[in-house]
Amino acid sequence: MIPLIILLAFLLAGCEKLESVFIEEDLLQRPQAKRCMDCHADIYEEWKESRHYHAWTSEQFKIESENYSKLKCLPCHAPHQVDPDKKPVLRAEFKADGVSCVACHFKEETKSMHGPLKVWSPPHPSKKDLAYVRSNFCAGCHQETFKEWRRSGTIKTCQSCHMPDLGKKDLIQKFPYYLFHLSKPRSSHRFPSLKAKPEDLRFELKDNVLYITNYRIPHNLPTADQGDPRLYIIARVYYRNGKVRTVRKLLSAQSKQVLAFREPFPLKLPKGEIEEVRVRVLRKLAWKKEKDLIGEFRIPSPSHARGGQSTQGGGPQ
Amino acid sequence: MRVLRGFALLVLAGGLAFGENKVILKKPPKSLHKYYPPKSKNFEFLNNMYIMSTSFFGINLNINEGNWKGALEWANRLRDTYKKTSRMVPEWKKYFKPALADDLVKAVKSKNVDKVIKASKKLGQTCASCHRDNEIAVKLVYHYPSFDNLKLEDPVEFMEVKVGKYMEKMTNSLKALRIYLTQGQKDMAQEAGTNFAERVRGLRAMCSKCHTDKASEEIYMGKNLESALTKLEELLSAEKLDQKAIFSTLDRISMTCAKCHNVHLVPAMVQEALAK
C-alpha cells in the first residue's frame, strides 16, 4: 500500500519535487483554523478546548471590550502573527478564531508553517524554529506573567507546564498522509490553566503572622495581564483560651496582592496566644464563575508543635 | 495666508451651549445609534465629519496655491457629503442648510476669494451650531468607555459589586474609621481601617478593564499609595492611636481618590445622566 502510493506520486510528479504534487495552496493564505483540522484533527480538538480558542468569543471579553469597540483590547485576543517578545497587531480575518493556529504558526516572511520539529510536510512548507520551545514565544501577550517568570530564575519554560508533553503521537490524522509519517513528540494544545497543588504552598506561623509562600510556581499566584483571577485565603485562628477568629484575605493579580514566587506573604492574625490556624485556599480563574479549592491546611503554633503535636499538612519546614 | 486664517477660524468654532446660569447638554438622538458600535463599527457619521473638514481645508489649500480646479473638486465633495450627512439623522435636519453648501460651490466657481470666505463662514456656522449643542454629549456617550457594566470584587465580603456600590462600601469604611477614631474606639477603628485599606487596594483591579498600560495605573495606584496604606495599617495597630498622624495619612490616600475622580468621575457622571 505505502510503496504503491509513493510510486504513484513519483509517476505523477515526474521529475518535479514530490512536494509540489501535494501542496495545497490555500493553506498559505491564512485559512480558518478548521481548515487545519483536515489533517491535524487531534491538535485542533485540543485547541478547541483551550482558552486561546475562546479569546475572541468569550462573553466577558465581549462585555469588557464594550462589544469590541475598545480597540486597544483587540490585538492579543485575535492576533495576526505571533513573534517572540512582540505585542501582536490585530488580525483582519476570522477574528472568532481568537488566538489561532495560523496566528501562532504561519509566518508571512517565509510563507511557511513554523514549528518546533523538523518535518516533511508536502501540503505546506514547514520550518523548524526553536523559538517555539522558549518562554518568550508567549511573552508578547502574557507580558506581566513573563516578567514574573523571568524574575523567578527558573529554567522551566511556560510550554513545559502549560503545553505538557503528550509523548510521541501522529501530528496528522488524514489519509494518506499519516502513512508517510512517523509519530513525533506532541505537546498539549489544550493550554491547561493548571491548578496549584497543596505542596506548592508553604506556611509558617511566627509572632501572630502567618507567612504564606508560593514555593514552586515560577510566577505570581495569581498571575494576569488583563484578566482578573483571584485567590481566597480563609484562615480560622484557634486560640489557647478557646476563642476562634476568622481572617479573610483576597489576593488578586490586578491589585498586586499576590503570592510572588518564594516571597513569603505576611497575613496578620489578631492578637492572642494561638494554638492552631486552619487555612482554606481557593482560586477563581479569570474566565470562570466558580471557585476551585486548592487545599486545606493545618498550621499549629510553633511553640505548640514543640510541645509534641504533629505538624501534618504543610506546617513550617 | 489670509484665506487660511479665515478657514481655520470656522472649523474650530464649537464649544458648549450655555444659557443663563446653565450649560446645556442634549442627549444624542436615537437614530444616531446606528452609526456607532455595537450597531456599526465604521463610525459613518464621524467619518463624514472628517471628510467635510478635510474638504474645507482642501478648498483653502488649493485656492492659496491658485488651483481653482482642485478647489472646486473639494467644494463638490463638501457639498455632497454635507447633503448626505443631513439625511443621516432626521432629528438633526434643522441644523443643516443645504443651500449654503450650493452657495459655496458657486463661490468657488466664481473664483472670487472674498465670496468664498463669506460662503464658507456661513456654512461653517451651521457646523458650529450643531457642535455646540451635541458634540460633547456624543463624545461621552459613544467614545468614553462606560463604568456602568464593570464589576469589582469586594475584598471584605468576597462579593462582586458594581463600581458605584464599591465606592460606597469603601467610603463607608472610611467614614466609620473617622467616627471610631473620634470616639476613641480603638478596635473598631482598627477593623474599619483595615477594611478601608483592603478596599483601596482592591480598586486597582478595575483599571485593567480599560487600560492596557500598567504605567497609567502606577500614576495613581503606585508606590506612593501603597506606602500610605502600609503606614495607615501600622498606625492602626500601634499600642496608642496617633490621631493626627492617622488623619494626615488619610489625606495622603485621598489624593489618589481626587486625582482619579478628576479624570474619570466627571465623564462617568455625565454619561450616566445622559443614559437616563
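Keep in mind that this is a model prediction, so the values were computed, not measured.

What counts and how
Residues numbered from 1 in each chain as written. Chains lettered and ligands numbered in written order. Predicted model: local features only at pLDDT ≥ 70, side-chain atom pairs only at ≥ 80, totals over all residues. Heavy atoms only, no water. Salt bridge = Lys/Arg side-chain N within 4 Å of Asp/Glu carboxyl O. Helix = DSSP H or I, 4+ residues; strand = E, 2+ residues; numbered from the N terminus. Buried < 20%, exposed > 50% of the residue type's maximum accessible area, 1.4 Å probe, protein only. Phe/Tyr/Trp six-rings, centres within 6.5 Å; stacked < 30°, edge-to-face > 60°. Core = buried A, V, L, I, M, F, W, Y, C linked by side-chain atoms within 4.5 Å. Contact = heavy atoms within 4.5 Å. Buried area = accessible area lost by both parts, 1.4 Å probe. Polar contact = N/O pair within 3.5 Å; in protein donor to acceptor, adjacent residues only side chain to side chain. Domains from an automatic or database assignment. Axes fitted to C-alpha atoms, helices over the stretch in contact; angles between N-to-C directions. Parallel < 35°, antiparallel > 145°, perpendicular 65-115°, else oblique. Left-handed = near helix turned anticlockwise from the far one by under 90°. Nonpolar A, V, L, I, M, F, W, Y, C, P; charged D, E, K, R; others polar.

Chemist: Is there a simple way to explain the pattern of salt bridges in this structure?
Modeler: Pairing is possible between side chains that carry opposite charge, provided their charged atoms lie close to one another. Applying the stated criterion across every chain yields a total of 37 salt bridges over all chains. One salt bridge connects Glu24(A) with Arg35(A), and the closest N-O pair in it is separated by 2.6 Å. Of this pair, Glu24(A) sits in the loop between helix 2 (19-22) and helix 3 (33-36) while Arg35(A) sits in helix 3, placing them 11 residues apart in sequence. In this structure, the salt-bridge partner of Glu160(B) is Arg230(A), at a minimum N-O distance of 3.0 Å. Remark: Arg230(A) occurs in strand 8 (residues 230-239) and Glu160(B) occurs in strand 4 (residues 159-162); the pair is interchain, linking two chains. For Glu160(B), a relative accessible area of 40% puts it in the partly exposed group. A single network of salt bridges, built from pairs that share partners, joins Lys249(A), Glu198(B), Arg201(B), Glu226(B) and Glu233(B).

Chemist: Looking at this structure, I do not really get the packing of aromatic side chains. What am I missing?
Modeler: Remark: the centre distance and the inter-plane angle together describe each pair of aromatic rings, the angle taken between the planes. Residue and element names in this part refer to chain A. According to the stated counting rule, one finds 15 aromatic pairs over all chains in the structure shown. On the basis of an interplanar angle of 75° and a centroid distance of 5.1 Å, the ring pair of Trp47 and Tyr53 is categorised as edge-to-face. What makes Trp47 buried here is its relative accessible area of 4%. A relative accessible area of 22% means that Tyr53 is categorised as partly exposed. Aromatic side chains Trp56 and Phe61 sit 6.1 Å apart centroid to centroid with 55° between the ring planes, which places their arrangement in the tilted category. Taking relative accessible area as the criterion, Phe61 reaches 10% and is therefore assigned buried. Grouping aromatic residues by their ring pairs yields a cluster made of Tyr44, Trp47 and Tyr53.

Chemist: Got a minute to help me understand the nonpolar core in this structure?
Modeler: Judged by nonpolar contacts, the single largest core of 32 residues is most densely connected at Leu177(B), Phe196(B), Val200(B), Leu232(B), Ile246(B), Leu250(B) and Ile253(B). The next biggest cluster of nonpolar side chains, apart from the first, holds 31 residues, and it includes Leu78(B), Met88(B), Ala119(B) and Leu123(B).

Chemist: Can you walk me through the interface of chain B and chain A in this structure?
Modeler: Quite often, the size of an interface is put as the accessible area lost when its parts meet. Each partner contributes residues to the interface: chain B has 26 residues there, and chain A has 26 residues. Both faces considered, chain B and chain A share a buried interface measuring about 2500 Å² in area, 47% of it formed by carbon and sulfur atoms. In this structure, the connection of chain B to chain A is made through four salt bridges. We note a salt bridge from Glu198(B) to Lys249(A), for which the minimum N-O separation is 2.8 Å. Linking chain B with chain A are 13 residue pairs in polar contact (both at pLDDT 80 or more).

Chemist: Would you take a moment to explain the domain arrangement of chain A for this structure?
Modeler: All names here are of chain A. Taken domain by domain, chain A comprises domain 1 (20-187) and domain 2 (198-308). Taking the mean C-alpha position of each, domain 1 and domain 2 sit 36 Å from one another. Facing the 11 residues of domain 1 at the interface are nine residues of domain 2. In this assembly, domain 1 packs against domain 2 so that about 950 Å² is buried in total across both faces, 48% of it on carbon and sulfur atoms. For domain 1, the biggest contributors to the area lost against domain 2 are Arg51, Thr145 and Glu148; these three give 46% of the whole. At the boundary of domain 1 and domain 2, one finds zero salt bridges. On inspection of domain 1 and its partner domain 2, the count reaches five residue pairs in polar contact (both at pLDDT 80 or more). The biggest single contributor to the side of domain 1 that touches domain 2 is helix 8 (residues 143-152), with six residues.

Chemist: It is not clear to me how the domain arrangement of chain B should be interpreted in this structure. Could you clarify?
Modeler: Residues and elements named next belong to chain B. Per the domain assignment, the segments of chain B are domain 1 (7-142) and domain 2 (151-275). Each of domain 1 and domain 2 has a C-alpha centre, and the two are 45 Å apart. Listed as interface residues are six residues of domain 1 and, on the opposing side, five residues of domain 2. Taken together, the two surfaces of domain 1 and domain 2 that pack against each other cover about 470 Å², and 77% of this comes from carbon and sulfur. Our count for the contact surface shared by domain 1 and domain 2 stands at zero salt bridges.

Chemist: I tried to follow the packing of helix 6 (residues 163-182) of chain B against helix 7 (residues 186-202) of chain B on my own but got confused; where do I start?
Modeler: For any two helices packed against each other, the geometry comes down to the angle between their axes and how far apart the axes lie. All names here are of chain B. One way to put it is that helix 6 packs onto helix 7 with a least axis distance of 8 Å and a crossing angle of 150°. Taken as axis vectors, helix 6 and helix 7 run roughly antiparallel relative to one another. With respect to the hand of their crossing, helix 6 and helix 7 are arranged in left-handed fashion. On helix 7, the residues touching Tyr166, Lys169, Met170, Ser173, Leu174, Ala176, Leu177, Tyr180 and Leu181 of helix 6 are Met188, Ala189, Ala192, Gly193, Asn195, Phe196, Glu198, Arg199, Val200 and Gly202. In terms of residue class, the contact of helix 6 with helix 7 is built from 12 nonpolar, four polar and three charged.

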